[in-house]
Amino acid sequence: MMKTKLSALILLAIFSASQAFGQESKCREIARREYPNDPQMQDYVYNNQFAAARYMAKASDYESKKIALREYPDDFSMQKYTYDNQSSAKRYMASASDYDSKKIALREYPEDFSMQKYTYDNQSAAKRYMSSVGDYEVKKIALREYPSDFSMQKYTYDQQYSAKEYMKAMPSSSAKQQAMREYPNDYSMQKYTYDRLRR
């Protein structure tokens, strides 16, 4: 029994040493590739890469680690940077309370926590914006066009509202009447048509 345990420990030690040597060799290779003619910068890059390699070897968030390794298979420093960002975003998303915005973010980026966070923040801000806007008619257009995307609702609302104000300010003319007749429920298209007819 003792012999079996001792053999297992020896094998583990050999594997760990082999892995460390492999990482060290890869770090040297990265440093030489980045600064082929600068030994001082090679040492700097090597130290950063090797510290990041040790960090990644101990990283415990499997999902975030998987993303980091996939995105930067040959750069330990970028793996560490990506892992930290992904892990932080994963924790953020776990506590995110806006269900609708969270649903959009998870649907768009099921395997990227950083992009989930970015999308969630944008969607949540746009949702708050849309709840505060005052032009019901324009809001109705935005909601009809993008019922499941608050960011696109906001973009559409702003475009439509701007076009509505533009058309309101234009003097009465045959071009204006035609544009309104062709697109009675779309101010952006009214503006586009009106401008085209005036050329």
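What you are looking at is a predicted structure, and each value in this text was computed from that prediction instead of being measured. In this convention, every chain numbers its residues from 1, walking through the sequence in written order. Owing to the predicted nature of the model, reporting of local features is limited to residues with pLDDT of at least 70; listing and counting of side-chain atom pairs is limited to 80 or more, with chain, interface and lining totals taken over all residues. Values reported for side chains reflect all heavy atoms of the structure, with hydrogen atoms and water molecules removed beforehand.

(A) Representation of the overall build of the chain. Of regular secondary structure, the chain possesses 10 helices and 0 strands. Taken across its 199 residues, the chain has 33% of its residues classed as buried. The numbering of helices and of strands both runs from the N terminus, where a helix is a DSSP run of H or I of at least 4 residues and a strand a run of E of at least 2. When accessible area is computed with a 1.4 Å probe and restricted to protein chains, residues below 20% of their type maximum are described as buried, those above 50% as exposed, and intermediate ones as partly exposed.

(B) A look at the packing of helix α9 (residues 174-182) against helix α10 (residues 187-198). Angles run from 0 to 180 degrees between N-to-C directions of axes, and those axes are lines fitted to C-alpha atoms, restricted for helices to the stretch in contact. Two elements in contact, α9 and α10, have axes separated by 8 Å at closest approach and are oriented at 145°. Between α9 and α10 lies a crossing whose hand is right-handed. Here Ala175, Lys176, Gln178, Ala179, Met180 and Glu182 of α9 come into contact with α10, specifically with Gln190, Thr193, Tyr194, Arg196, Leu197 and Arg198. Amino acids are sorted into nonpolar (Ala, Val, Leu, Ile, Met, Phe, Trp, Tyr, Cys and Pro), charged (Asp, Glu, Lys and Arg) and polar (every other residue, Gly among them). Of the residues in the contact of α9 with α10, the class split is 5 nonpolar, 3 polar and 4 charged. Less than a right angle of anticlockwise turn of the near helix away from the far helix marks a crossing as left-handed, whereas a clockwise turn marks it as right-handed. We call two residues in contact when some of their heavy atoms are within 4.5 Å.

(C) View of the nonpolar core. Counting 9 residues, the largest nonpolar core consists of Cys27, Ile30, Ala31, Val45, Tyr46, Phe50, Ala52, Ala53 and Phe76. Those residues in contact with Ala52 that lie beyond four places of it in its chain are Phe76, Ser77 and Lys80. To form a nonpolar core, buried Ala, Val, Leu, Ile, Met, Phe, Trp, Tyr and Cys residues must be joined to one another through side-chain atoms within 4.5 Å. In this structure, Met130, Ile141, Tyr157 and Ala163 belong to the second largest nonpolar core, which totals 8 residues.

(D) Inspection of the environment of Ala163 at higher detail. Residue position: Ala163 is located in helix α8 (residues 150-169). The spatial distance from the C-alpha of Ala163 to the C-alpha of Met189 is 8.4 Å, given a sequence separation of 26 residues. Residues within four places of Ala163 in sequence aside, it is in contact with Tyr187, Ser188 and Lys191.

(E) Quick look at the environment of Met56. If you trace the backbone, Met56 turns up in helix α2 (residues 39-58). Excluding residues within four positions of it along the chain, Met56 makes contact with Lys65, Ala68, Phe76, Gln79, Lys80 and Tyr83.

(F) Geometry of the side chain of Asp61. Assignment of secondary structure puts Asp61 in the loop between α2 and α3 (62-71). Using a relative accessible area of 12% as the deciding quantity, one classes Asp61 as buried. Pairing of N or O atoms within 3.5 Å defines a polar contact, subject to two protein rules: one partner must be a possible hydrogen donor and the other a possible acceptor, and residues neighboring in sequence count only if both atoms are side-chain atoms. At a separation of 3.3 Å, a polar atom in the side chain of Asp61 contacts the main-chain amide nitrogen of Glu63. Those residues within four positions of Asp61 in sequence are excluded, and the remaining contacts are Tyr83, Ser87 and Lys90.

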